[in-house]
Amino acid sequence: MTTNIILTTGLYDLIKDHLRRKKVTAEQENILTKELRHAEQILRRDLADNIVTVGKKVTIKELNSNQEYQLNFVSPEKAKPKKNRHSILMDEGLATIGYKKGDVVEWPTEKGTKKYEILNVETVA
């Protein structure tokens, strides 16, 4: 993958800490470490509207199953999945964070590698 992800410094640090705590598989750790090494860190106000980050409602299509769904990404401490507020550190969040609308990413999960296409990214009102 040649796309460099774009992250705020806060999210960069959050992911780094997540890796340090060994909260991901070895395969996921390899991907994230590589992405972080090449990530572009910018200020939150400079982040384009179409980038997956905290505070965004993201429409994802899982290409393996052709299933489409929306996730509202929030910081881990604000996650309430029953209210469709999902931690940016869940599989789909880690897979798509820093990518933009139109990107397709592969992500190793417990159920095998999944391919996600980012159909839409919008700011949560």
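Our structure is the block above this text.
Calculation notes
- Residues numbered from 1 in each chain as written.
- Predicted model: local features only at pLDDT ≥ 70, side-chain atom pairs only at ≥ 80, totals over all residues.
- Heavy atoms only, no water.
- Salt bridge = Lys/Arg side-chain N within 4 Å of Asp/Glu carboxyl O.
- Buried < 20%, exposed > 50% of the residue type's maximum accessible area, 1.4 Å probe, protein only.
- Helix = DSSP H or I, 4+ residues; strand = E, 2+ residues; numbered from the N terminus.
- Pairing = 2+ DSSP bridges.
- Axes fitted to C-alpha atoms, helices over the stretch in contact; angles between N-to-C directions.

A. Representation of the pattern of salt bridges. Tallying each qualifying case throughout the model produces seven salt bridges. Between Lys-22 and Glu-29 there is a salt bridge, with the nearest N and O atoms lying 3.2 Å from each other. The class for Glu-29 is partly exposed, based on a relative accessible area of 21%. The residue Glu-106 makes a salt bridge to Lys-115 at a minimum N-O spacing of 3.9 Å. Residues joined by salt bridges that share partners form a network here, namely Asp-17, Arg-20 and Arg-21.

B. The arrangement of the pairing of strand β3 (residues 56-62) in detail. Among the seven residues that make up β3, five are buried, leaving the element largely enclosed by the rest of the structure. Hairpin connection from β3 to strand β4 (residues 67-74): four residues lie between these consecutive antiparallel strands, with Asn-66 at a positive phi of about 65°. With seven bridges connecting them, β3 and strand β7 (residues 112-123) associate as antiparallel partners. Within the sheet, the bridge partner assigned to Lys-61 lies in β7 and is Glu-117.

C. Layout of the sheet that holds β4. With mixed pairing, the five strands of this open sheet are ordered in space as β5-β4-β3-β7-β6. Each of the sheet's edge strands pairs with one partner strand only, and the pair in question is β5 (85-87) and β6 (104-109). This sheet shows a mean twist of 50° between the axes of neighbouring strands, independent of strand direction. Strand direction decides the pairing type here: β3 and β4, joined by seven bridges, are antiparallel. Note that in β4 the partner of Val-58 across the bridge is Leu-71.

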